[in-house]
Amino acid sequence: MIRHIVLFTWADDATDEQKATVAAELGKLPGVIPELRAYTVGPDAGINQGNHEFAVVADFDNVDDYLVYRDHPRHQAVIAEHIKPIVAARAAVQLSL
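Everything numeric in this text was worked out from a predicted model, so none of it was measured.

Criteria and cut-off values
- Residues numbered from 1 in each chain as written.
- Predicted model: local features only at pLDDT ≥ 70, side-chain atom pairs only at ≥ 80, totals over all residues.
- Heavy atoms only, no water.
- Pairing = 2+ DSSP bridges.
- Helix = DSSP H or I, 4+ residues; strand = E, 2+ residues; numbered from the N terminus.
- Axes fitted to C-alpha atoms, helices over the stretch in contact; angles between N-to-C directions.
- Expected span 1.5 Å × (residues − 1).
- Buried < 20%, exposed > 50% of the residue type's maximum accessible area, 1.4 Å probe, protein only.
- Arc of directions from axis to C-beta.
- Contact = heavy atoms within 4.5 Å.

Q: So what's going on with the sheet that holds strand β1 (residues 2–10)? Residues and values would help.
A: In a beta sheet, neighbouring strands are held together by backbone hydrogen bonds and run either parallel or antiparallel to one another. Pairing in this open sheet of 4 strands is antiparallel, and the strands run β2-β3-β1-β4 from one edge to the other. The open sheet terminates on both sides in strands that have one partner only, identified here as β2 (38–43) and β4 (87–96). Sheet twist, expressed as the mean angle between neighbouring strand axes with direction ignored, is 10°. In terms of strand pairing, β2 meets strand β3 (residues 54–60) through 6 bridges, oriented antiparallel. Each residue of the ladder has a partner; that of A38, found in β3, is D59.

Below, the structure is given as structure tokens:
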């Protein structure tokens, strides 16, 4: 299994509406990309200072399924249209479980 984890920090001028749109658009991807085994997206719980503001955790059966998600046109559109305009920092990792 492959677990893909992405953390975002938003730009200072990112609006609550833009942030909500990112969550909503990412939340639609499991209905479009059947290779997603599990998918969780959402804002940081605000427990510790200095954390990133938003996380994506996605599980796949194998690397090929992850690559389908990574390169899927709908996923790429969400990144281009909703994430890139408001992201200040991004960190990502793929774990083999």
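Now, onward.
Q: Summarise helix α1 (residues 16–27); cite the residues concerned and give the values.
A: Between its terminal C-alpha atoms α1 stretches 16 Å, which fits the 16 Å expected from 12 residues at 1.5 Å a residue. Buried within α1 we find V22, E25 and L26. Relative to the axis of α1, the buried residues are bounded by an arc of 95° and lie together on one face. Turned more than 90 degrees from where α1 packs its buried face, D16 and E17 sit exposed.

Q: Help me get a handle on the environment of S96, residues and values and all.
A: Summarising the element assignment, S96 is placed in strand β4. Ignoring sequence-local partners within four residues, the contact set of S96 consists of M1 and I2.

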